Amino acid sequence: MASSCLTCLSAVLHDLQLLEDLWLKTPDREDELIQLRRLKIHLGTFRAFLLSVRKWGDDDDANLGALVVRMKDHISKLGQAIHMFYLTSVQGYRTGHDIDIPDDLEEGESSLMQEIKDFDSSSRLSSKSLVKKDDLMDVMNSLLESLRYARLIDVLKYNEEPELWENLEEKLTFLKNFICFVTLHGIDDGQLGPLLTHTKSVAVNTAPNYILWGSEENPVRDLLPKIIPVEPEVHRTYFQALIASKISRQPYEKKDEHIFRVFIDSLLIYLWEILKTGACVMMSLKDRLKMVYDGLRSLRTILKGNPDVFDEKMRDLTGRLLCDAGLVIFSFSLNEIKDGSVKEMDLESFHDFLKRIKLIKAIVAEKYPEISPSSKFPRTNELGFIDFLLKYIGDLANPDARSVALSNYPIHSIHEELVYLRSFLGRIVELRNEDQELQALWDRVVEVAYEVEFLIDSLLVGDILDSSSISFDSVEEEIKIIKAAALNIFDRKTLDLKVKEVTKSPNNMPSQGSMPIINDMIVGLEDEATSIINRLTRGSSLLQIVPIVGMPGLGKTTLAKKVYNDPLVTSHFYTRAWCTVSQVYHRKNLLLEILTCIHSKLPEKFSEMCEEDLASEVRRGLLRTRYLIVLDDIWDAEAWKGLEASFPDNQNGSRVIVTSRKSDVAALIGKLDEGPHFLRLLTPDESWDLLNMKLFPGNDLAPPELCELQMKIVEMCQGLPLTIVILAGILANENQHGWKELVDGLSSRIVSSTEQCSAAIELSYKNLPENLKPCFLYFGAFPEDHEHTAEKLMWLWGAEGFTQKTQFKSAEDVANEFLTDLIHRSLVIVSKQRSIGGVKACRVHDLLHEFCVTKGKEENFLLLVRGYDEIYTSRVPRNLRRLCINSYPVHFCKSKLYAPTIRSLIHSGGGKRHRHCGFEISSSFGIFKLVKVLELSNIDLGDTFPRELELLVQLRYLAILGNMRSIPSSIDNLSNLETFILETFVHTVLLPDTIWNLKKLRHLQSKDFNLSTDNLDTAADLYDLNTFSRVCFSSLDIVRKVFRKIPNIQQLKCILVKCIPAADWVSADKILVLDFLSGLESLNLGFINLPNPCQFEFQFPSAIRKLTLFGFLFPWSKISAIENLPNLEVLKLLDQAFEGEIWNVEKEGFPKVRFLKIAGLDIVKWTACEGVDCFPSLQKLVLINCRYLKEIPSSLGSSTLEIVEVSYCPYSASFIKPLQEEQMDLGNADLKILIS
């Protein structure tokens, strides 16, 4: 009966597949496809159950037979309904979309599901006959097919624990792949008896549990531990099967390579499960497991990328290697793994594995030579690393440093010897390049320094130094040998002790010159711009594409920006949008970027839409308007194809500009009226003008030193703007008398266009001071076109140890100088400026970014892995410091990259944050126990702070994303934490009172923090806290107590919230004293839901430079607490900060305020008494949403006012004209006024 039922079921599944194929060709059928695939999942569940019944059911079981009869009847009726629906759909008679399933069939399906769920599979499908592999594989394949369909339609994402179902699929796949692999070599069913019996038990118990998808029950948690066997007999079968397969002489065939690939995947997953438990604490065992893990990943890459090298010999090697790997992995006692105390492995199989993987790599390398990833320690800023290490060891001597684990080791003596060797390296830094012996000694010192750091870190995280690993004794002995060699060199070579010694911060000072502006300097190309503008504003009324094509660094984006912002263009097109595509792009992000330009404020609903809906919104926004779209930096035609349908042809002269490095991409794009516009090189005069403008902005004449080199420089740069800009950065940091020698040396390196860029960038890099090199290369840790928040970037540099405080400067001040220096060297571009200058955000040019990625990998400084394919195939170098992954979060979570020695793990999302998709990756944190920088602010970690993070005791920088409401008190385990960034969606996050135990904390940032007030009086002060943003307070008393505990705060953002009774806030006899915060420079202070005007007084610190207030409803008389602040430069009075129709400035004040923003106030008249110098230093005034404002002082800023921006102020005409006239009288003819 089960067989006939299966035949009927196969026919129904066939019709469903035909329907799916039909609907895949029909647009707008996504919902119907999901309904169809859900049907396939349920029927697949029936199939797995029926297969189990046919294979192992009891023919005499009447109840089972009756159930099968009812199933056949149900499937038959369902099949008739589906077949009829398919026929009418094919013939075009079907107008509705949903499959018509009668109500009685739906009720019958629910009844059958309940019966199957209640069925006792373990006892009633327990045939005593020998389990056959082929029968078992039929059931396993059916189970896995249903799971794959469930994943395809995301049916599991609504389950409370979707990762359990994914884990189930992995474990079922492992059992299937293991059995398929060992039977390749003639292992029969009898030899696998216990394993096949165990797998059958798993299968028959799994099938009924599929029924529970979407229900509140979740039986998978109980099922998972039973899949990987714990019974000794079954575990022994694994070994026997692998050994028998290993010694078999039966050859492998070509078709077996697929089994190799899937078995490798299963072995990697199995090994990953062992590794992530943290059960392996012996350092030598960790090293061996990494070799096995890396070897399997390499073999997987070889199988995928070089299939033609697999002859019979290679297949035999691969098969035996996989047997070795399996024996190594299964040699671990499952009880040891469970207890977290793995200590041993099968060393014989391990060494056989290493021999075979080495031989396989050699065979492949002979045919496909390639450069292996470096296993050396990083070569960037080696002296800077040693300085950082010496400070690190010195800090461990502090009794509060939790360094008990190091008490039995010679840390102090090693520190003393390293101090001497550091001094020695400082003396030979200029000589080592000319002396191989000195260079070799240098390398030995650097290597031993990294080994010391590794040993210390490993002990501090709880790893065990065993006899097979490096030890402090061996390192100490090596240091003594190196020191003796150094002394011998001094004796023999009598080194000149007066040679210039490298200091900790050579050439720290930023280069001279004004702060660069955001816009790229545009020189020449007037004819090019005119040509493009004519193509945009004239010609056909049909939609036209205007491609701008040219080599890297030629100025395609710069020209596009020039045209995009030209007055003729801005007045011609009613809608404009700019979109940067790049090599790695995501269609949804591009559509959102365009929508952001179309809409002044992007509706929240757009971020939740699918790609097709967003594409429709773009098209809707562009209909019936003349628009200009710029698609910058397109690398392939697929990106265009994904957007093309969203650009309607309104037949009104709309245009799309496309910039690309590749002319063949432009040719593939249709709707070209004149073909691509090939951007020319700069003329010699234009090149000279650009160089002169970069080196001497504002000067018409170049100095004689530069004029003498004019012809040589122009000839050398060959009209490439990027090279000119880079060369200007090099010259700007050299004495003008040395320019000739520098240019002469550069000219011999430059050969042709692309090589020219590489040579110029390489020279620019080599001319950097050593301590700037890691800061520059760090841009390679993030995706191309990534815009860095300057503040966050500098915090990262500090956590990495690139910047350290000095006697007179904080680490942040040093980092700011470093960033400024990189900007002045034309290596970093300012993309956003702060209110009064300074860098708010920055980026690097694509060519420079690629250089950072390549050089970072070459020097083992960092490894950037981009996209799933690279994650799948990448090999992590042994001593890599920084693993940087640019991918979708789901790909990162599935990457299973084993890198236990990295110190930084940085993930940059492949697009917008997956805000409502929690990912389970916390179980992997135990692998990265040495990590000091963890940047995961693009991966939603869910509703609970991962407790596994507490294992990462070396963390100095932690940035995470989630929906958690509180931080556990055990956060104080992270005693080295300096920066903690928590990005949340909605909730206010409660910080525990143990946060005050993090004595090294410098930056604490989230959307909204609440502080636990338990033990606040006795809590320790955070003397190093620099940034606190933003914290909520419910009473004035708590405000005072907290502020007393952060005496050195520099940036503070906090919110006062209404409490019961509210009188605590509005009482007139209270004073909020802040003047003891002598270092406070930036304060953002607001009140939410204040019922009455706030009456208490402020005493602000005199050092404050930036002040933002909102929500206080202060009367204007309270402005006196602000107007005399001697260092205030930026003042923002936002929503309801002050209340009252008239603000009359009666006396001179605000002496240094350069930027003033007033937004959301009810002010009507803003006046100044006659003769009062109102805001004497004001440069920029911003007025937003002041709907009643009719008058402002016309003498603002005397003659310093540069720009006035007015938005949503209906009566602006009444005060703008008097302001313009007064400013003209004051001689300020260049005043810019922008009204919107």
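Parameters and conventions
Residues numbered from 1 in each chain as written. Predicted model: local features only at pLDDT ≥ 70, side-chain atom pairs only at ≥ 80, totals over all residues. Heavy atoms only, no water. UniProt positions renumbered as here; feature names shortened; annotations may be inferred. Axes fitted to C-alpha atoms, helices over the stretch in contact; angles between N-to-C directions. Helix = DSSP H or I, 4+ residues; strand = E, 2+ residues; numbered from the N terminus. Parallel < 35°, antiparallel > 145°, perpendicular 65-115°, else oblique. Left-handed = near helix turned anticlockwise from the far one by under 90°. Contact = heavy atoms within 4.5 Å. Nonpolar A, V, L, I, M, F, W, Y, C, P; charged D, E, K, R; others polar. Pairing = 2+ DSSP bridges. Right-handed = clockwise from strand over helix to strand, strands pointing away. Salt bridge = Lys/Arg side-chain N within 4 Å of Asp/Glu carboxyl O. Phe/Tyr/Trp six-rings, centres within 6.5 Å; stacked < 30°, edge-to-face > 60°. Buried < 20%, exposed > 50% of the residue type's maximum accessible area, 1.4 Å probe, protein only. Lys NZ or Arg CZ within 6 Å of the ring centre and 35° of its normal. pLDDT = per-residue confidence, 0-100. Polar contact = N/O pair within 3.5 Å; in protein donor to acceptor, adjacent residues only side chain to side chain. Expected span 1.5 Å × (residues − 1). Arc of directions from axis to C-beta.

In its Sequence similarities (unreviewed entry) section, the UniProt record describing the chain reads: "Belongs to the disease resistance NB-LRR family."

Peer 1: Looking at this model, I keep getting lost on the packing of helix α17 (residues 411-428) against helix α18 (residues 436-460). Mind explaining?
Peer 2: Between two packed helices, both the angle of their axes relative to each other and the distance between the axes serve to describe the pair. Taken N-terminus to C-terminus, the directions of α17 and α18 make an angle of 150 degrees; their axes are 11 Å apart at the nearest point. The angle between α17 and α18 places the two elements in the roughly antiparallel class. As α17 runs across α18, the sense of the crossing is left-handed. Contact with α17, carried on its side by I411, I414, L418, L421, F424, L425 and I428, involves L438, L441, W442, V445, V448, V452 and I456 of α18 and no other residues of that element. Of the residues in the contact of α17 with α18, the class split is 14 nonpolar, no polar and no charged.

Peer 1: How do you make sense of the pairing of strand β18 (residues 1051-1057) when you look at a structure like this?
Peer 2: For strand β17 (residues 1027-1033) and β18, the ladder comprises six bridges, and the chain directions are parallel. Within β18, the residue paired with F1033 across the bridge is L1056. For the handedness criterion, the β-α-β arrangement of β17, helix α39 (residues 1036-1044) and β18 is classed as right-handed. For β18 and strand β20 (residues 1082-1088), the ladder comprises seven bridges, and the chain directions are parallel. Paired with L1056 across the two strands is F1087, which belongs to β20.

Peer 1: Honestly, the pattern of salt bridges in this entry has me stumped. Any pointers?
Peer 2: Side chains carrying opposite charge are able to pair once their charged atoms draw close together. Inspection of the entire model under this criterion finds 49 salt bridges. Between E617 and R620 there is a salt bridge, with its nearest N and O atoms 2.8 Å apart. Taken together, the residues span about one helical turn, with E617 and R620 both in helix α24 (residues 611-622) at a distance of three residues. When salt bridges with common partners are traced through the structure, they connect E453, D457, R881, R903 and K932 into a single cluster.

Peer 1: How should I be thinking about the packing of aromatic side chains in this particular structure?
Peer 2: Within the structure shown, the criterion is met by 41 aromatic pairs. Judged by centre distance (5.5 Å) and plane angle (65 degrees), the ring pair of Y293 and Y898 falls under edge-to-face. In this pair, Y293 sits in helix α12 (residues 283-305) while Y898 sits in the loop between α38 (889-893) and β11 (904-909), placing the two residues 605 residues apart along the sequence. You can call Y293 buried: its relative accessible area is 1%. Measuring from centroid to centroid gives 6.1 Å for Y778 and F782, while their planes differ by 70 degrees, and the two rings are edge-to-face. Take Y778: its relative accessible area is 0%, and that puts it in the buried class. Of the aromatic side chains, those joined through ring pairs into one cluster are F1087, F1098, F1100, F1112, F1114, W1116, F1138, W1143, F1150, W1166 and F1175. Here R432 stacks its cationic end above the ring of W442, 3.7 Å away from the centre of that ring. The ring of Y564 has R576 lying over it, and the distance from NZ or CZ to the ring centre is 4.4 Å.

Peer 1: Quick question: what am I supposed to make of the confidence of the model for the chain here?
Peer 2: Interpreting fine coordinate detail is not advised for predicted regions of low pLDDT. On average, residues of the chain score 81 in pLDDT, and 84% of them reach the 70 mark or higher. Below a pLDDT of 50 lies the segment residues 497-519, which in the model reaches 55 contacts outside its immediate sequence neighbourhood of four places, other chains included.

Peer 1: Can you help me understand unusual backbone geometry in this one?
Peer 2: As a rule of thumb, non-glycine residues mostly have phi less than zero, and peptide bonds are mostly trans rather than cis. The omega torsion across S1029 and R1030 is -20 degrees, close enough to zero to call that bond cis. For Q651, which is not glycine, the phi torsion reads 55 degrees and is therefore positive. As for its placement among the helices and strands, Q651 is situated in the loop between α25 (637-644) and β4 (655-660). A positive phi angle, near 50 degrees, is found at F1150, a position not held by glycine. Along the polypeptide, F1150 turns up in the loop between β26 (1142-1145) and β27 (1155-1159).

Peer 1: Would you take a moment to explain the sheet that holds strand β8 (residues 839-843) for this structure?
Peer 2: One key point about sheets: their strands pair by backbone hydrogen bonds, in either a parallel or an antiparallel sense. The sheet built from three strands is open, its strands ordered β6-β8-β7 with antiparallel pairing. Of all the strands in the sheet, the pair left with one neighbour each is β6 (788-789) and β7 (829-833). Two strands pair when backbone bridges link them, and β6 and β8 are joined in this way by two bridges, in the antiparallel orientation. Residue T789 lies in a different strand from β8, and its bridge partner there is A841.

Peer 1: Explanation requested: the side chain of N1026 in the structure shown.
Peer 2: Tracing the chain through its elements places N1026 in the loop between β16 (1003-1011) and β17. A distance of 2.9 Å separates polar atoms of two side chains, one belonging to N1026 and the other to T1027. With near-sequence residues (within four places) excluded, N1026 lies in contact with E812, R1002, H1003, I1049, Q1050 and Q1051.

Peer 1: Could you clarify how one ought to interpret helix α15 (residues 347-367) in this entry?
Peer 2: Side chains three or four residues apart in an α-helix point the same way, a direct result of the helix having 3.6 residues per turn. Helix length check: α15, at 21 residues, gives a terminal C-alpha distance of 31 Å against a target of 30 Å (1.5 Å per residue), a fit within 8%. Of the positions making up α15, those classed as buried are S349, F350, D352, F353, R356, I357, I360 and V364. Along the long axis of α15, the arc covered by the buried residues comes to 160 degrees, so they all point the same way. Exposed residues on α15 whose side chains face more than 90 degrees from its buried face are E348, K355, K358 and E366.

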